[in-house]
Amino acid sequence: MRHAILPKRAFLLVLAIMIAGCARHYQDIQTLPVPNLQVLKERIEANKDALSDFKGFGVIVVRGPEMRQAFGIKTQYLAPSSFKIEFNGSMGVSMGTLILNERQYLLTGGGSGESFCGSIEDFNLADEFGIPIKGEDLLELFDPLRSIAEVPDTTALKTDFQTQQYSFITYSDSLTTTLWIAPYTPLITRELHAKASGDTVWFRNIEKVKKRSGVFFPAAWNGQIGSGEEAVTFDLEFSSLWLNKGISASLFDIDN
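Remember, predicted model here, so these are calculated numbers, not experimental data. (Residues numbered from 1 in each chain as written. Predicted model: local features only at pLDDT ≥ 70, side-chain atom pairs only at ≥ 80, totals over all residues. Heavy atoms only, no water.)

Turning our attention to the pattern of salt bridges. What the rule picks out here adds up to seven salt bridges. Residues D143 and K48 are paired through a salt bridge, measuring 3.5 Å at the closest nitrogen-oxygen approach. One end of the pair, D143, is in the loop between α4 (135-142) and β7 (158-160); the other, K48, is in helix α2 (residues 37-49), and 95 residues separate them in sequence. Each member of the pair, D143 together with K48, is buried. Between E121 and R103 there is a salt bridge; the shortest N-O distance is 2.8 Å. Taken together, the residues span a long stretch of sequence, with E121 in the loop between β6 (116-119) and α3 (125-129) and R103 in the loop between β4 (94-101) and β5 (104-108) at a distance of 18 residues. When salt bridges that share partners are traced, they join E140, R146, E191 and R204 into one network. (Salt bridge = Lys/Arg side-chain N within 4 Å of Asp/Glu carboxyl O. Helix = DSSP H or I, 4+ residues; strand = E, 2+ residues; numbered from the N terminus. Buried < 20%, exposed > 50% of the residue type's maximum accessible area, 1.4 Å probe, protein only.)

Let us look at α2. The end-to-end C-alpha separation of α2 is 18 Å, in line with the 18 Å expected for 13 residues at 1.5 Å each. Near the N-terminus of α2, the side chain that reaches the backbone nitrogen of Q38, with its oxygen 2.8 Å away, is that of N36. (Expected span 1.5 Å × (residues − 1). Polar contact = N/O pair within 3.5 Å; in protein donor to acceptor, adjacent residues only side chain to side chain.)

In this section: the layout of surface pockets. Approximately 730 Å³ is the volume found for the largest pocket. The wall of the largest pocket is formed by 32 residues, among which E140, R146, S147, E191 and H193 lie closest to the centre. Looking at the lining of the largest pocket, the elements with two or more residues in it are α2, α4, β8 (165-172), β9 (175-181), β10 (188-195) and β11 (200-212). A breakdown of the residues in the lining of the largest pocket according to their chemical character gives 17 nonpolar, six polar and nine charged. (1 Å grid on protein atoms, 1.4 Å probe; cavity = no way out; pocket = protein on both sides within 12 Å on 5 of 7 lines; lining within 4 Å. Points joined across faces, edges and corners; volume = space filled by probe spheres on them. Nonpolar A, V, L, I, M, F, W, Y, C, P; charged D, E, K, R; others polar.)

Quick look at the structure:
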């Protein structure tokens, strides 16, 4: 009996060593030197530039003042800022299709069953879907790859030991913006825009990041739009994603 057990134990030990050897080990951020912010910015921009298009199937859940809505979504994106989003209700019933292109929108088959088009600034999801999100917020909500605006050389990059990420703060238009960057992925993983009073205006956190087709890309993100009693929170997650497979620009044609 003893001779039968030993080989089995040896096999399990070798298997554990092989798995440990294949696993990716990351250093604790406390042991890493604080990198140069401009270098991180260049890496983030390079990752964003590597994305030409994506398509995904998933679910978005939106919660607001006295409301909660869940939709199945099919999202198609073409760089730099064109989206086609198909909303589905229960049992896969189509709720409408929204195209965002060159800061213009086209909505077909919404709550009224009619088609509307115009400037994104004039659009509100509350009118057709009962979701209090303005058109201007949609581009920010559905685009997971952020850019870093030009920052002064004096901006200090700090180590956030709690989140194991780097962060920095900028100020503009009475808003304080805090961005977090993970040490091993060229992405803005969190962003927080707040008023001088501390009230949140916009927050987003990305999750489930993987490298797909040469691009670091999250499969899920969540956040908050607005503040106080009017705040809207959202959770978006894709069950399937395809990147850089080639999407025709004709899908986003609003004029026709």
